[in-house]
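# Examining the three-dimensional arrangement
Take a look at the letters that make up each chain.
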Amino acid sequence: MSASVSLRNRLNTVVRDIPRSGIRDFFDIVTTMKDVISLGIGEPDFDTPWHVRESTVFALERGATHYTSNLGYIELRRAIAGYIAKNFGVTYNADSEILITVGVSEALDLALRALLNPGDEVLYHEPCYVSYRATILFAHGRPVEVETSAENGFRLTRAMLEARATPKTKVLMLNFPNNPTGAVMGREDLEEIAAFARERDLVVITDEIYSELTYDTPHTSIAGIPDLRERTIFLHGFSKAWAMTGFRLGYACGPAELIEAMMKIHQYTMLCASSLSQKAAIEALTRPQTDVAEMVGEYRRRRNYIVGAFKDMGIECHRPLGAFYAFPSVRKFGLPAKEFALKLLNDEKVAVVPGTAFGACGEGFVRCAYATNMENIREAMTRLARFTSKLAG
Amino acid sequence: MDELLKMLQANALESTADIARMLGVTENDVKARIEGYEKAGVIRGYQAILNEEQVDPGKVTAVIEVKVTPQREGGFDTIANRISRFPEVRSAYLMSGGYDLLLFVEGRSLREVAAFVSEKLSSLEGVISTSTHFMLKTYKRFGVLMHQEPSDERLSVSP
């Protein structure tokens, strides 16, 4: 056993000191149990559209099994440029301003590594996706969290950012629609943030992986605000809107200088994203998107159902406007979020993710993904109602 | 299409209370709209989608191409309606192309279907010819796969 102790001492201290994701811990507990209804799954329950899967098989038969350009197939980059121009109103040059990556996760890592010197500060809002803080630390940056709250619909305001900014602030990270809260930012909200980024001369990294999944208002990208494109790295991918999580395919769009810097890291570490996944993505982008529209309709109905069910239970739940997560407050039951989730799992076999997995200010909340079928959602809500009335009683 | 119809088409057993919640309207509104669709004949009925190979393995389904002579007043409709009224005919469509009507005919045996074709269908005035194909296996009906169970390979908790 002494050998492992000495190895631990040899680990990079940043890596050693970062805890494992709270989601991972929870997953380990859930997998030991049977018949659990999970509202803990952060990926679509829809299958990847069949035309995408079928064309992937075809690509395999045709022999698309080799390295691609470091940036990715030019055909895919052109399709992305067209898609972004049409849906986000921002134009990027397919030759020099788009990089295909292994999911948005890699793109985020590349962007931070390309930008940060040790000690540079990165503003990011919490609750947020589990990997942001760790990714900033791995890139030797200093994560500076900005806490958002339910009262404000988990939106970000300029005042919140001002309070946390310093002369060392270099990057602002955004993720709307948001995982885990389902919050979105309207154009006016974003203009305020854009003015702040301009005045402070910050680079903005915006993770818009859920941008197709908005339910009441159309999505607006900060990259589409005048002048912001020149200081923004726009990240997107195929995991959510096309249910292609396992394909691991994302992309970064931005000014050529930034993309070139990111490409260098990508070139030496990843070489290129999977050729087959890239072929699948071309199919996803170049065919009509009835599949996506169908999914959005279904998610909206589930969102309405789940928010209504929480209301019936007397549980406060801000109305998620995008993504596929509800983030109700369980504070009134007097249990820390993690204990609430563990007890719910034990007593009623329903898995939700404690809000603390997404940052300290997630305390008092749990994340309930509605990326599962209505049958499961109905049953989970019945069990939750029984559980919470017992807790309250 | 009305979202309500889409939901009923996917699952006609969905309760009106749940439909109301999902659409963000009142239950009475949902009930009234369904009733309206039923009265207007938009909703023609509700059926379960069965895997018939499990229910009645001996059952025979034939797909029959029929050439007919359109009639003077009423065109194809008169003859098509007459054919459609036979209970053996489960579906009937007017087609473009090499024949006029496409029928799906069900029977308890090959003999029964053959008898229907030769004695009832072919002998109708206006039917010029028929071409009968027997169905061997059903893979998908009404958008539902018959033999594959849905599988969920997702991890039970993920970020």
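Moving on, we come to the overall build of chain B. A count of helices and strands for chain B gives six helices and six strands. Counting from the amino terminus, chain B carries its helices and strands in the arrangement α-α-α-α-β-α-β-β-α-β-β-β. Over its C-alpha atoms chain B spans a radius of gyration of 21 Å, topping by over 25% the 15 Å that the globule rule assigns to 159 residues. Over its C-alpha atoms, taken along the principal directions, chain B stretches across nearly 60 × 40 × 25 Å. Looking at chain B residue by residue over its 159 residues, the buried ones come to 30%. When contacts within chain B are restricted to residue pairs at least 6 apart in sequence, long-range pairs at least 24 apart make up 59% of them. When the accessible surface of chain B is totalled, it reaches about 10,700 Å², and 51% of it is carbon and sulfur.

So, about helix H1 (residues 3-10) of chain B. All names here are of chain B. Within the span of H1, buried status applies to Leu-4, Leu-5, Met-7 and Leu-8. Burial along H1 is one-sided: seen end-on, the buried residues are contained in an arc of 160 degrees. Structural note: H1 exposes Gln-9 and Ala-10 on the side pointing more than 90 degrees away from its buried face. The residue sitting at the N-terminus of H1 and contributing the capping side-chain oxygen is Asp-2; that oxygen lies 3.0 Å from the backbone nitrogen of Leu-4.

On to the interface of chain B and chain A, then. Contacts between the two partners involve 15 residues from chain B, matched on the other side by 31 residues from chain A. Contact with chain A buries surface across chain B, with B:Arg21, B:Arg154 and B:Pro159 losing the most and accounting together for 38% of the total. At the boundary of chain B with chain A, the tally comes to five salt bridges. Residue A:Arg378 is joined to B:Asp18 by a salt bridge in which the shortest nitrogen-to-oxygen separation is 2.4 Å. At the junction of chain B and chain A, the tally comes to 15 residue pairs in polar contact (both at pLDDT 80 or more).

A regular strand places its side chains so that they alternate between the two faces of the sheet. Residues and elements named next belong to chain B. In the sheet, strand E2 (residues 89-94) pairs with strand E3 (residues 101-107) via five bridges, with the strands oriented antiparallel. Bridging across to E3, Val-89 finds its partner in Val-105. From the end of E2 to the start of E3, which pair antiparallel, there are six residues, and Gly-97 there has a positive phi angle of about 110 degrees.

For the rest of this paragraph, the subject is the nonpolar core. A:Leu76, A:Met173, A:Phe238, A:Phe310 and A:Met381 are the most contacted members of the largest nonpolar core, which totals 148 residues. In terms of residue count, helix H12 (residues 290-312) of chain A provides more of this core than any other element does, nine residues in total. Setting aside its immediate chain neighbours within four residues, A:Phe238 contacts A:Leu76, A:Ile209, A:Ala243, A:Met244, A:Leu249, A:Tyr251, A:Ala281, A:Ala284 and A:Leu285. By size, the runner-up hydrophobic cluster in this structure holds 18 residues, among which are B:Ala62, B:Val66, B:Leu103 and B:Val113.

A word on the packing of helix H6 (residues 103-115) of chain A against helix H10 (residues 256-269) of chain A. Residues and elements named next belong to chain A. Orientation of H6 relative to H10, taken along the N-to-C sense of each, is 115 degrees, at an axis distance of 9 Å. Here H6 lies roughly perpendicular to H10, going by the angle between them. The handedness of the crossing between H6 and H10 is right-handed. Each of Glu-106, Ala-107, Leu-110, Ala-111, Arg-113, Ala-114 and Leu-115 in H6 lies in contact with H10, whose residues at this interface are Leu-258, Ala-261, Met-262, Ile-265, His-266 and Thr-269. For the contact of H6 with H10, the class distribution of residues is nine nonpolar, two polar and two charged.

Let's shift gears to the environment of A:Pro19. All names here are of chain A. Of note, Pro-19 is situated in the loop between helix H2 (13-17) and helix H3 (22-30). For Pro-19, a relative accessible area of 65% translates into the label exposed. Each C-alpha atom, one on Pro-19 and one on Ala-134, is 8.8 Å from the other, the two residues being 115 residues apart in sequence.

The next subject is the packing of aromatic side chains. Residues and elements named next belong to chain A. Within this structure, the stated rule accounts for 21 aromatic pairs over all chains. Taking the centre distance of 5.1 Å and the plane angle of 75 degrees together, the rings of Phe-88 and Phe-234 count as edge-to-face. A residue pair is termed long-range when its members are at least 10 positions apart, and Phe-88 in helix H5 (residues 74-88) and Phe-234 in strand E7 (residues 232-237) qualify at 146 residues. Take Phe-88: its relative accessible area is 13%, and that puts it in the buried class.

What counts and what doesn't
- Residues numbered from 1 in each chain as written.
- Chains lettered and ligands numbered in written order.
- Predicted model: local features only at pLDDT ≥ 70, side-chain atom pairs only at ≥ 80, totals over all residues.
- Heavy atoms only, no water.
- Helix = DSSP H or I, 4+ residues; strand = E, 2+ residues; numbered from the N terminus.
- Rg over C-alpha atoms; globule rule 2.2 N^0.38 Å.
- Buried < 20%, exposed > 50% of the residue type's maximum accessible area, 1.4 Å probe, protein only.
- Contact = heavy atoms within 4.5 Å.
- Areas by Shrake-Rupley, 256 points an atom, 1.4 Å probe, with all protein chains shown as cover.
- Arc of directions from axis to C-beta.
- Polar contact = N/O pair within 3.5 Å; in protein donor to acceptor, adjacent residues only side chain to side chain.
- Buried area = accessible area lost by both parts, 1.4 Å probe.
- Salt bridge = Lys/Arg side-chain N within 4 Å of Asp/Glu carboxyl O.
- Pairing = 2+ DSSP bridges.
- Core = buried A, V, L, I, M, F, W, Y, C linked by side-chain atoms within 4.5 Å.
- Axes fitted to C-alpha atoms, helices over the stretch in contact; angles between N-to-C directions.
- Parallel < 35°, antiparallel > 145°, perpendicular 65-115°, else oblique.
- Left-handed = near helix turned anticlockwise from the far one by under 90°.
- Nonpolar A, V, L, I, M, F, W, Y, C, P; charged D, E, K, R; others polar.
- Phe/Tyr/Trp six-rings, centres within 6.5 Å; stacked < 30°, edge-to-face > 60°.

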